Amino acid sequence: MARKKIIAGNWKMNMTPSEAVALVNTLKPLVANDDVDVLFCVPAIDIIPAMEAAKGSNIMIGAENMYFEEKGAYTGEISPAMLVDAGVKYVIIGHSERREYFAETDETVNKKVLKAFEHGITPIICCGETLTQREQGVTIDFIRQQIKIAFLSVSAAQAASAVIAYEPIWAIGTGKVATTEQAQEVCKAIRDCIAEIYDAATADAIRIQYGGSVSADSAPELFSQADIDGGLVGGASLKADFGKIVNYK
Ligand code: 13P
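Residues numbered from 1 in each chain as written. Predicted model: local features only at pLDDT ≥ 70, side-chain atom pairs only at ≥ 80, totals over all residues. Heavy atoms only, no water.

Caption draft 1: A look at helix H7 (residues 139-150). Its twelve residues place the ends of H7 16 Å apart at the C-alpha level, agreeing with the 16 Å of an ideal helix rising 1.5 Å per residue. Within the sequence span of H7, burial applies to Thr139, Ile143, Gln146, Ile147 and Ala150. Angular distribution of buried residues about the axis of H7 spans 95°; they occupy a single face of the element. Residues of H7 that are buried make contact with helix H4 (96-101), helix H5 (106-118), strand E5 (122-127), helix H6 (131-135), strand E6 (163-166) and helix H9 (180-197). (Helix = DSSP H or I, 4+ residues; strand = E, 2+ residues; numbered from the N terminus. Expected span 1.5 Å × (residues − 1). Buried < 20%, exposed > 50% of the residue type's maximum accessible area, 1.4 Å probe, protein only. Arc of directions from axis to C-beta. Contact = heavy atoms within 4.5 Å.)

Caption draft 2: Spatial organisation of the nonpolar core. Counting residues in each nonpolar core, the largest one holds 65 residues, and the members touching the most others are Phe40, Phe151, Phe242 and Ile245. Here the element with the most residues in this core is H9; it accounts for six residues. If we ignore the near neighbours within four places in the chain, the residues touching phenylalanine 151 are Asn110, Ile125, Ala159, Ala162, Ile164, Ile194, Tyr198 and Ile206. (Core = buried A, V, L, I, M, F, W, Y, C linked by side-chain atoms within 4.5 Å.)

Caption draft 3: How the structure looks around the environment of glutamate 107. By secondary structure assignment, the location of glutamate 107 is in helix H5. Take glutamate 107: its relative accessible area is 47%, and that puts it in the partly exposed class. Put simply, glutamate 107 and glutamate 19 are 88 residues apart on the chain and 35 Å apart in space, counted from C-alpha to C-alpha.

Caption draft 4: Region of the structure containing the packing of aromatic side chains. Inspection of every chain in the model, using the stated rule, returns eight aromatic pairs. Grouped by ring-pair contacts, the aromatic residues Trp11, Phe40 and Phe242 constitute a single cluster. (Phe/Tyr/Trp six-rings, centres within 6.5 Å; stacked < 30°, edge-to-face > 60°.)

Caption draft 5: Highlighting the pattern of salt bridges. Evaluated as defined, the whole model comprises 18 salt bridges. With a shortest N-O distance of 2.9 Å, arginine 144 and glutamate 196 are connected by a salt bridge. A residue pair is termed long-range when its members are at least 10 positions apart, and arginine 144 in helix H7 and glutamate 196 in helix H9 qualify at 52 residues. For the salt bridge of aspartate 227 with arginine 191, the shortest nitrogen-to-oxygen distance reads 2.6 Å. One end of the pair, aspartate 227, is in the loop between helix H11 (219-223) and strand E8 (230-233); the other, arginine 191, is in helix H9, with 36 residues separating them in the sequence. (Salt bridge = Lys/Arg side-chain N within 4 Å of Asp/Glu carboxyl O.)

Caption draft 6: Examining the site of the ligand more closely. For the ligand, the set of nearby residues contains 13 residues, the closest of which are His95, Glu167, Gly173, Ser213 and Gly235. Glutamate 167 places a polar side-chain atom, nitrogen or oxygen, 2.8 Å from an oxygen atom of the ligand. (Near = heavy atom within 4 Å. Polar contact = N/O pair within 3.5 Å; in protein donor to acceptor, adjacent residues only side chain to side chain.)

The quantities given are spatial measurements derived from coordinates; they are silent on function.
See below:
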């Protein structure tokens, strides 16, 4: 089965609402490519203005995080219903920055993944090893553990529609992109792990992105690998370069 590539920007904590509108307007003509899914995951306060600005274009607006409860006394959190009401279809779950600075664990990631599916939102589930883990040769073991816990109680049909982002922590924001071989090796291991948990058809359907210092230069080779179905792009998604990444072919 030919999987459609999904190329997503992760704006992180950048862009005020008015800056968000300006950036969407700048990028709109540059990312017009219907051969791939184009997604901007933006800060919660930017979702509605960015969605307005993106109207009539191929740009989808997603979220960077979501809480796993329905509603209530959780000051500062964003609920799944809030995202659905705003028109959000994708949410990043378990980014390494959320794990490092906001105490997210494999268990909370799993709760968020289940809650996103319950509300019909597609999770972009992040995984990735530290430099120490890579140097000690435990990368694949560690990623398999992250994946197995993230997918606990997720059905095969849900898993088939999910997106996984493999983001080696040492490659994020460092300008040190993983080699094509390293990225492909881990993305294939992730697909094999999904086949083990579910079946070959589910593994064949799920989309796996690479993230970590993706640039207009590195995107063409990375995105042409058999098991890499697009990218999750940080820094380069805030510039005109994102247009080149989306049109990597
Ligand atoms: P950079 O592309 O800035 O390295 O960020 C990657 C990332 O964390 C995307 O989620």
